[in-house]
Amino acid sequence: EINEMRKKGDISISTNDLIDVVNESWWEDKQVFNAKLEEYISILKERSHGPTKGKKILISGSFLDNKSLIEMIENSGSRIMCEDISNGLNYYNSTINESDDSVGNIVDFYYNKGLCYRMIDFDTTVNKIVRLVEEYDIDKMIFFTMSFCDKNLINFPYVRKELISHGIPVLL
């Protein structure tokens, strides 16, 4: 719900705040977390905000916990509109099929979720990023990866070339 409101420009939330929400969901009791989340969404809806100013940025890549990097981007006047990262959109942007085969559905969910780019193929990566750029009306993309994530580092030149061919500026 938060991302849909962000996409429409209905709310403004910093990326660090959004990542904090995701992080809290990992260890908080689900009922307590959901109640807190509903309250937080209400607060976000009440906050005054204007239209998004500056360049709209998509961050994409690995798990991100570097708050100073996010602050630097947001303090520069740009706005991170979408976090295509393991602890961002990739963590919560899907649901488990709740039909008869619950264990099988849970396995399918985690197997096919594509939480990290090491788990999905090159074309799926590029298509997903292009779709997010269009959905969120993104101006530029920043791709980052942890230094030990060989698949991201190896794929980046090819992903960058494909994204540039779609008119999407990319920074590593």
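Heads up: the structure comes first, above all this text.
The structure contained in this document is the topic of the report that follows.

Cut-offs applied
- Residues numbered from 1 in each chain as written.
- Predicted model: local features only at pLDDT ≥ 70, side-chain atom pairs only at ≥ 80, totals over all residues.
- Heavy atoms only, no water.
- Helix = DSSP H or I, 4+ residues; strand = E, 2+ residues; numbered from the N terminus.
- Contact = heavy atoms within 4.5 Å.
- Areas by Shrake-Rupley, 256 points an atom, 1.4 Å probe, with all protein chains shown as cover.
- Axes fitted to C-alpha atoms, helices over the stretch in contact; angles between N-to-C directions.
- Parallel < 35°, antiparallel > 145°, perpendicular 65-115°, else oblique.
- Nonpolar A, V, L, I, M, F, W, Y, C, P; charged D, E, K, R; others polar.
- Salt bridge = Lys/Arg side-chain N within 4 Å of Asp/Glu carboxyl O.
- Expected span 1.5 Å × (residues − 1).
- Bend = angle between axes of the 7 residues up to and from the residue.
- Buried < 20%, exposed > 50% of the residue type's maximum accessible area, 1.4 Å probe, protein only.

### Observations regarding the overall build of the chain
Scanning the chain from terminus to terminus reveals eight helices and four strands. When the helices and strands of the chain are listed from N to C terminus, the series reads α-α-α-β-α-β-α-α-α-β-α-β. Nonlocal contacts in the chain, meaning residues at least 24 apart in sequence, comprise 70% of its contacts between residues at least 6 apart. Entry remark: accessible area of the chain is about 10,100 Å², with carbon and sulfur atoms responsible for 52%.

### Looking at the packing of helix α2 (residues 15–27) against helix α3 (residues 30–46)
Remark: α2 packs on α3, axes separated minimally by 9 Å, with the N-to-C direction vectors making an angle of 160 degrees. Our classification of the angle between α2 and α3 gives roughly antiparallel. Here Asp 17, Val 21, Glu 24, Ser 25 and Trp 26 of α2 lie close against α3, whose contacting residues are Lys 30, Phe 33, Lys 36, Leu 37 and Tyr 40. Residues of the contact of α2 with α3, tallied by class, amount to five nonpolar, one polar and four charged.

### Thoughts on the pattern of salt bridges
Enumeration over the complete set of coordinates arrives at seven salt bridges. Linking Asp 20 and Lys 67 is a salt bridge whose minimum nitrogen-to-oxygen distance equals 2.8 Å. Of this pair, Asp 20 sits in helix α2 while Lys 67 sits in helix α4 (residues 67–75); the two residues are 47 residues apart in sequence, bridging distant segments of the chain. A salt bridge links Glu 135 to Arg 131, with the nearest nitrogen and oxygen atoms 2.7 Å apart. Of the two residues, Glu 135 and Arg 131 both sit in helix α7 (residues 122–135), four residues apart, roughly one turn of that helix.

### Here we look at helix α8 (residues 150–165)
An ideal rise of 1.5 Å per residue puts 22 Å on 16 residues; α8 measures up with 24 Å between its terminal C-alpha atoms. The largest bend in α8 comes to about 45 degrees, at Phe 156, with the proline Pro 157 one to four residues further on. For α8, every residue scored as buried is listed here: Asn 152, Asn 155, Phe 156, Val 159 and Leu 163. Among the residues trailing α8, Gly 167 stands out with phi positive, at a value near 80 degrees.

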